[in-house]
Amino acid sequence: MSRVQRLLDAVRKLHEATPELMAYAPWPDDLSAQQVMPHPCPVAQTMGDRKLPGSRSTRPVIQALRAATPDLEWRQTYSEAEVGAEFLQTYGYVELFGPGGHFRSRKLRGYIGFWGPGLTYDWHAHEAEELYFTLSGNAVFCAHGAPNVMLRTGQARAHHSNQPHLMVTLDRPYLAYAVWRGAGMEGLPKMVAS
Ligand code: ZN
């Protein structure tokens, strides 16, 4: 089994064991492995040194992520003009499964995203509906029409279609598993005016 397959397996076990994730979307039954070239980013190169304690239930995903990191296609959707140089040094994500992921699915899109401490992921929005599930660390989430919340390890937060949202990380790195469902699943987030 490849390291990326092991990561998928760890994410599947977490997804299936977490009622909030299963209620949001069942684990996709149409996954097929794709040939995806690894692509590093600054975060991937330091992933081994990052303090990501997680919890008992999220630790297998964190360990599998660390192991698979050199084989993953790390992405950064935004330009330096949009988010600044520091953000790009300490942020990156992987589309594990979905329309363009390591495993193809047309039913659900699943990401793992990493943000370093002290970052503001400014107001952005996307058509797809989204559920964030915290794998390690904590972050403050703000969204139009919803109360601000501090999301801790093991906690989830949903955003509806085109709902602008913002995230601030605190003194620790923040690692999340996020799923997208519904219309616009193949799209990208865009920065929006607050
Ligand atoms: Zn989002």
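Placed above this text is the structure.
Predicted, not measured: the structure shown is a model, and the values here were computed from it. (Residues numbered from 1 in each chain as written. Predicted model: local features only at pLDDT ≥ 70, side-chain atom pairs only at ≥ 80, totals over all residues. Heavy atoms only, no water.)

**Digging into the coordination of the zinc ion**
Rule in force here: Coordination shells were defined by N, O and S atoms within 2.8 Å of each metal, extended to 3.2 Å for Na, K and Ca; water is absent from the atom set, which can make sites look incomplete. Angle rules define the geometry names used: all angles between 85 and 135 degrees makes four donors tetrahedral, while opposite donors over 155 degrees apart and all other angles between 65 and 115 make four donors square planar and six octahedral, leaving every other case irregular. The classification of residues rests on relative accessible area computed with a 1.4 Å probe and restricted to protein chains. Under 20% of the type maximum is buried, over 50% is exposed, and intermediate values are partly exposed.
Within the first shell, the zinc ion binds the protein through His 126 (NE2), Glu 130 (OE), Glu 130 (OE) and His 165 (NE2), at distances of 2.1 to 2.6 Å. Classification of the site at the zinc ion rests on its four donor atoms, whose angles at the metal span 54 to 146°, yielding the label irregular. Each donor residue of the zinc ion lies on one chain, and together they are spaced H-x3-E-x34-H. Each member of the pair His 126 and Glu 130 is classed as buried.

**Side note on the pattern of salt bridges**
Note the cut-off: Salt bridges are identified by distance alone: a Lys or Arg side-chain nitrogen within 4 Å of an Asp or Glu carboxyl oxygen. By the criteria applied, helices consist of DSSP H or I runs no shorter than four residues and strands consist of E runs no shorter than two, each listed in order from the N terminus.
Per the stated rule, a full pass over the model turns up nine salt bridges. Among the ionic pairs, Asp 9 bridges to Arg 12, the shortest N-O distance being 3.3 Å. Note that Asp 9 and Arg 12 are positioned in helix H1 (residues 3-17) at a spacing of three residues, about one turn of the helix. Since its relative accessible area comes to 19%, Asp 9 is described here as buried. Of the charged contacts in the structure, one is a salt bridge between Arg 181 and Glu 129, with a shortest N-O distance of 2.9 Å. Taken together, the residues Arg 181 in strand E12 (residues 174-181) and Glu 129 in strand E7 (residues 129-136) connect sequence positions 52 residues apart. Given the relative accessible area of 26%, Arg 181 is considered partly exposed. Take Glu 129: its relative accessible area is 28%, and that puts it in the partly exposed class.

**Details of the environment of Asp 30**
Filter applied, for reference: Contacts are residue-level and defined by heavy atoms, with any inter-residue pair within 4.5 Å sufficient.
Assignment of secondary structure puts Asp 30 in the loop between helix H2 (19-24) and strand E1 (32-33). Accessibility expressed as a relative area gives 26% for Asp 30, which makes it partly exposed. Taking the C-alpha atoms as reference points, Asp 30 and Leu 108, 78 residues apart in sequence, are found 9.3 Å from one another. Apart from the residues lying within four places of it in its own chain, the contact partners of Asp 30 are Arg 104, Ser 105, Arg 106 and Lys 107.

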